[in-house]
Amino acid sequence: MSTGSDPREERFIALSEAVAERGPSMMAAMLLVTAHMGICSDSRSFARIFGVEHALVLRELVAMEIETRLVTILRRDRSQRVHYAPGEAAEDLLAHAETALAI
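This write-up is about the structure you can find in this document. (Residues numbered from 1 in each chain as written. Predicted model: local features only at pLDDT ≥ 70, side-chain atom pairs only at ≥ 80, totals over all residues. Heavy atoms only, no water.)

A separate point is the nonpolar core. With 28 residues, the main nonpolar core has V19, L32, L61, M64 and Y84 as its most contacted residues. Those elements giving two or more residues to this core turn out to be α1 (7–20), α2 (26–36), α3 (43–50), α4 (54–68), β1 (71–76), β2 (82–86) and α5 (88–102). Ranked by residues supplied to this core, first place goes to α2 with 7 residues. (Core = buried A, V, L, I, M, F, W, Y, C linked by side-chain atoms within 4.5 Å. Buried < 20%, exposed > 50% of the residue type's maximum accessible area, 1.4 Å probe, protein only. Helix = DSSP H or I, 4+ residues; strand = E, 2+ residues; numbered from the N terminus.)

This is how it looks when you write it as C-alpha cells:
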C-alpha cells in the first residue's frame, strides 16, 4: 500500500534543509543536493525542474563559485548553460547532512 509520498523527493527535501541549516541559502543547498543525488548538474535543467528563472540560478552559481567556493564550474555552453559540481567545501556540508539524516 502506497502512502503517496516519494521517498526520493522526501530525501531531497531533507538533505536540502540539512545543508541550508549549515549556512548556504536554500537555493544553494538545492543546487548542491541535485548534483549530489544525480538529479541534475547544470543551470538550465535546475531552472526547468524547479520553475525558477535561469538568471537567478546563474547568479547563485557564480556567487557559490566566487564567494563560498561551494561549486566548481565545469563548463559553460554558448546557451549560457553552466555545468557544475559540488566543491570540496560542499562535500563536507553534504557529508554532515547525510550523517545528520542517518541519526
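Summarising burial for β2: 4 of the 5 residues are buried, a large majority. Looking at chain direction, β1 and β2 are connected through 5 bridges and run antiparallel. Along β2, the bridge assignment pairs I73 with Y84. Where β1 folds back onto β2 in an antiparallel hairpin, the turn is made up of 5 residues, including Q80, whose phi is positive at roughly 75 degrees. (Pairing = 2+ DSSP bridges.)

Once that is clear, we can look at unusual backbone geometry. You will see that R69, though not glycine, has its phi angle at about 55 degrees, which is positive. By the secondary structure assignment, R69 is in the loop between α4 and β1. Residue R69 is classed as exposed on the basis of its relative accessible area, which comes to 60%. Not every positive phi belongs to a glycine, and Q80 is a case in point at roughly 75 degrees. With respect to the secondary-structure elements, Q80 resides in the loop between β1 and β2. Judged by relative accessible area, Q80 falls into the exposed class, the value being 52%.

Next up on the list: the packing of aromatic side chains. A full pass over the atoms with the stated rule returns 2 aromatic pairs. Their ring planes at 25 degrees and their centres at 5.5 Å tell us that F12 and F50 sit as a pair that is stacked. Taken together, the residues F12 in helix α1 and F50 in helix α3 connect sequence positions 38 residues apart. On the basis of an interplanar angle of 40 degrees and a centroid distance of 4.6 Å, the ring pair of F46 and F50 is categorised as tilted. Taken together, the positions of F46 and F50, both in helix α3 and 4 residues apart, correspond to about one turn of that helix. Judged by relative accessible area, F50 falls into the partly exposed class, the value being 29%. (Phe/Tyr/Trp six-rings, centres within 6.5 Å; stacked < 30°, edge-to-face > 60°.)

Remember that the coordinates give geometry; whether it matters functionally is a separate question.
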